[in-house]
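Each chain, written out:
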Amino acid sequence: MKRLYFRPLIIILAILFLFSGTLVYSYPRLTAVAYQPTQRYSKAECVIELNSRRVLYEENGDVRLPMASTTKIVTCITVLEICNDIKSTFPIPQEAVGVEGSSVYLQAQEIYSVEDLLYGLMLRSGNDCATALALFCSGSIANFAAEMNKIAQKAGALHSNFENPHGLPHKNHYTTARDLSYITAYAMQNPTFRKIVGAQNYPSRGWKNKNKLLFSYESCIGVKTGYTKEAGRCLVAAAKQENMCVISCVLNCPSMYERSKKLLQDSLSSYQYEKIIDASVPLNIEGSTIRGIADKDYYYPLLKEEKGLIEIRTYAHENMRIENREIVGKFEIYLAKRLLFSGNLYKL
């Protein structure tokens, strides 16, 4: 009897395997992979598109790791959000003098502006700059770290914790490649942050950016290097091509510049930033003669084979007004049956 049941079971399992493979191919994950690495380059890496935050590629993206001075991405955006005037000046406190690691060699009671120190922080990776900024903005390292964690959570980084503003080793100071990419995407929305991390030098203080990718890859627009013995070589980089910007993060990567450039180039060549809804083109609302327009253009990075999997659904909506605009319907955008965006349609 056992033999009579054994063969049909094998046949059934084989059929299920074949059909399951077809379904996976037909409905790809939203976290698409542009290519597969042939070898391990780093302990963790991730690439996302800046506006949509779509993960274009990752390897160990959710593994918690130390991140050295890439911490200063969080430090910089935190200062920009809690400091009212970056032109304001203050004397350097004694606690910021002689901080171990990379430094711009601040001296006690020297007068610097917040802006000066932000450039020293991001171009020269000054741990003394990080300490001075934290003390000026929050009064203590602990208070400033609490602000950093608030910013990280606001950016969607839910698996990170920051204990200091410079990234020197601490057992409870960690992030993930995906989290750090999200934080960077959040920070890059701030024009002052973009200006600082994209600067090749800061002439008023004679500082040159340590990020070699800014000088060797013309599409690069930032962001930050990092190194400690515990964290290894780390780099968060951003590149822009036409209207698409991608962010890569590599943690503990010996060839961080070469690997980052490869990740950025491959992502930019594999994906296209497609306009899915044009705010100037009215949409027909299903089951109605009414047409409406979206509040803005909607874009999304897509692989070539994904373009046919985009679907836009529209629905009639009970008339209401928001900020003197009459809502006549609603739209939803799907990729492979999964919701990407939804929003209101407004009266023409």
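Within any chain, residue numbers begin from 1 and follow the written order of that chain's sequence. Only residues with pLDDT of 70 or above have their local features reported here, since the model is predicted, and side-chain atom pairs are shown and tallied only from 80 upward, although totals for entire chains, interfaces and linings are computed over all residues. Side-chain metrics rest on all non-hydrogen atoms present in the structure, leaving aside hydrogens and water.

Tell me about the nonpolar core, and please be specific about residues and values.
Here, nonpolar core refers to any group of buried Ala, Val, Leu, Ile, Met, Phe, Trp, Tyr and Cys residues whose side-chain atoms link them within 4.5 Å. Buried, partly exposed and exposed residues are distinguished by accessible area as a fraction of the type maximum, computed with a 1.4 Å probe on protein chains only: under 20%, between the cut-offs, and over 50%, respectively. The biggest cluster of nonpolar side chains holds 64 residues, and the ones touching the most others in it are Leu117, Leu118, Met122 and Phe193. Should any heavy atoms of two residues lie within 4.5 Å, those residues are considered in contact. In this structure, phenylalanine 193 is in contact with Ile73, Cys76, Ile77, Leu80, Met122, Ala187, Met188 and Val223, ignoring residues within four places of it in sequence. Judged by nonpolar contacts, the second largest core, of 22 residues, contains Cys220, Met244, Val246 and Leu303.

Please set out the pairing of strand S9 (residues 244-251) residue by residue, giving values where relevant.
For S9, a buried count of eight out of eight residues is recorded, marking the element as mostly surrounded by other parts of the structure. Strands here are runs of E lasting at least two residues and helices are runs of H or I lasting at least four, both read from the DSSP assignment and numbered beginning at the N terminus. Across the two faces of S9 the burial is the same, with Met244, Val246, Ser248 and Val250 and Cys245, Ile247, Cys249 and Leu251 all buried. Pairing between strands is defined by DSSP: at least two bridges between them are needed. In this sheet, S9 lies alongside strand S1 (residues 44-49) in antiparallel orientation, the contact comprising six bridges. Residue cysteine 46 lies in a different strand from S9, and its bridge partner there is cysteine 249. As paired elements, strand S8 (residues 232-241) and S9 share seven bridges and run antiparallel to each other. Note that in S9 the partner of leucine 235 across the bridge is valine 250. The turn linking S8 back onto S9 is made up of two residues, and glutamate 242 within it adopts a positive phi angle of 55 degrees.

So, the packing of helix H2 (residues 72-82) against helix H3 (residues 114-123): which residues are in play, and what are the values?
The angle between two axes is taken between their N-to-C directions and runs from 0 to 180 degrees, where each axis is a line fitted to C-alpha atoms and a helix contributes only its stretch in contact. Relative to each other, H2 and H3 sit at 165 degrees, their axes nearing to 10 Å. Accordingly, the angle class assigned to the pair H2 and H3 is roughly antiparallel. Considering how the two elements wind past one another, H2 and H3 form a crossing that is left-handed. Contacts between H2 and H3 involve Lys72, Ile73, Thr75, Cys76, Val79 and Leu80 from the former and Val114, Leu118, Leu121 and Met122 from the latter. Put simply, Ala, Val, Leu, Ile, Met, Phe, Trp, Tyr, Cys and Pro go in the nonpolar bin, Asp, Glu, Lys and Arg in the charged bin, and everything else, Gly too, in the polar bin. Of the residues contributing to the contact of H2 with H3, the split by class is eight nonpolar, one polar and one charged. Working rule for angles: under 35 degrees goes down as roughly parallel, over 145 as roughly antiparallel, 65 to 115 as roughly perpendicular, anything else as oblique. It is the rotation of the near helix from the far one that decides the hand of a crossing: anticlockwise by less than a right angle makes it left-handed, clockwise makes it right-handed.

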